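# Observations on the three-dimensional arrangement
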Amino acid sequence: MSTIFSDNPQIGLASSFSELVNTHFQESMNAICWHRNLTGDFKEIVSKLQLKENVTEVSAEDLLALQLSEEGSIAREIILADLQFLTDFGASPSLNLLKNYDRDEEFDFISTDVYSYHVDRSPIGTDTFLCTYHGAASDLISNDQVEQKILIPEIREKLKKLHDGPESEFDTFLKDCFFDLHYQPKSNAQPINLGLGHLWRLAVDHPEQKVLPCVHRAPVEHDGEYRLLLIC
């Protein structure tokens, strides 16, 4: 297993899907990795899927309709098994063929798109699952290596001007616009790339959460290369 994962107290390691979903987040550990070295040709699957939008959802039926080599078929069976694992667990997984996400260019001093380090939030107890099969992989970063953007003085002042309302409603404004979910890496920050083929479970900000939510971001895509990403 990768030492960068096993030596990091933020990351728990699992050897099966059951262990992935049944291991409890605790203390600084807010990410768990089912570490896998997958076989199969995922690039072949990407080459035969049709991109309809910048983010195109791919169904199990779409996968089954592909004419694939033996290596491509192995990759397809792995994806279908992951989809089934998560569905049986009660999650709603989505397989995406991805050229790029929309960018948030509304403000020059703060970004709220997925390329910015952020945490996920939910009104109910849940987790984020993701696995990159092909293309650039996401990054996570330790909570002590980031600063919440809304607490950075120059950003906070600009947000107050943007709010232009009663100070008593400022925190609600930040939350309603999702500004409070985004983080700025500190100068000494060392992001961890999630790699290809590993299925990750990340802690989400919700009312029952006992640990800090996991700070992560989508990667900048490689030129001319689509991503194949399982997420829920």
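Here we summarise the structure given alongside this text. Everything quoted here is computed from the prediction, not taken from an experiment. (Residues numbered from 1 in each chain as written. Predicted model: local features only at pLDDT ≥ 70, side-chain atom pairs only at ≥ 80, totals over all residues. Heavy atoms only, no water.)

## Quick look at the overall build of the protein
Across its full length, the protein carries 7 helices and 12 strands. Computed over C-alpha atoms, the radius of gyration of the protein comes to 19 Å, within 12% of the 17 Å expected from 2.2 N^0.38 for 232 residues, which places it in the range of a compact globule. A total of 232 residues make up the protein; the buried ones form 49% of that total. Of the contacts formed within the protein by residues at least 6 apart in sequence, a portion of 77% connects residues at least 24 apart. Working note: accessible area of the protein is about 12200 Å², and carbon and sulfur atoms make up 48% of it. Taken as two groups, the 19 positive and 38 negative side-chain charges of the protein have centres that lie 3 Å from each other. (Helix = DSSP H or I, 4+ residues; strand = E, 2+ residues; numbered from the N terminus. Rg over C-alpha atoms; globule rule 2.2 N^0.38 Å. Buried < 20%, exposed > 50% of the residue type's maximum accessible area, 1.4 Å probe, protein only. Contact = heavy atoms within 4.5 Å. Areas by Shrake-Rupley, 256 points an atom, 1.4 Å probe, with all protein chains shown as cover. Lys, Arg positive; Asp, Glu negative; His and termini not counted. Charge placed at Lys NZ, Arg CZ, Asp CG, Glu CD.)

## Notes on the layout of surface pockets
Space inside the largest pocket adds up to approximately 310 Å³. Around the largest pocket, the lining comprises 19 residues; the ones closest to its centre are His118, Asp120, Thr128, His216 and Ile231. Broken down by secondary-structure element, the contributors of at least two residues to the lining of the largest pocket are strand 5 (127–134), strand 11 (215–217) and strand 12 (227–231). Broken down by class, the residue content of the lining of the largest pocket amounts to 8 nonpolar, 6 polar and 5 charged. Considered as a void within the structure, the second largest pocket measures approximately 260 Å³ in volume. (1 Å grid on protein atoms, 1.4 Å probe; cavity = no way out; pocket = protein on both sides within 12 Å on 5 of 7 lines; lining within 4 Å. Points joined across faces, edges and corners; volume = space filled by probe spheres on them. Nonpolar A, V, L, I, M, F, W, Y, C, P; charged D, E, K, R; others polar.)

## What about helix 5 (residues 70–89)?
Taking 1.5 Å as the rise per residue, helix 5 with 20 residues should run 28 Å; its terminal C-alpha atoms sit 29 Å apart, in good agreement. Among the residues of helix 5, those classed as buried are Gly72, Ala75, Arg76, Ile78, Ile79, Leu80, Asp82, Leu83 and Leu86. Gly90 sits one or two residues past helix 5 and shows a positive phi near 105 degrees. (Expected span 1.5 Å × (residues − 1).)

Spatial relationships are all this shows, so hold off on functional conclusions.
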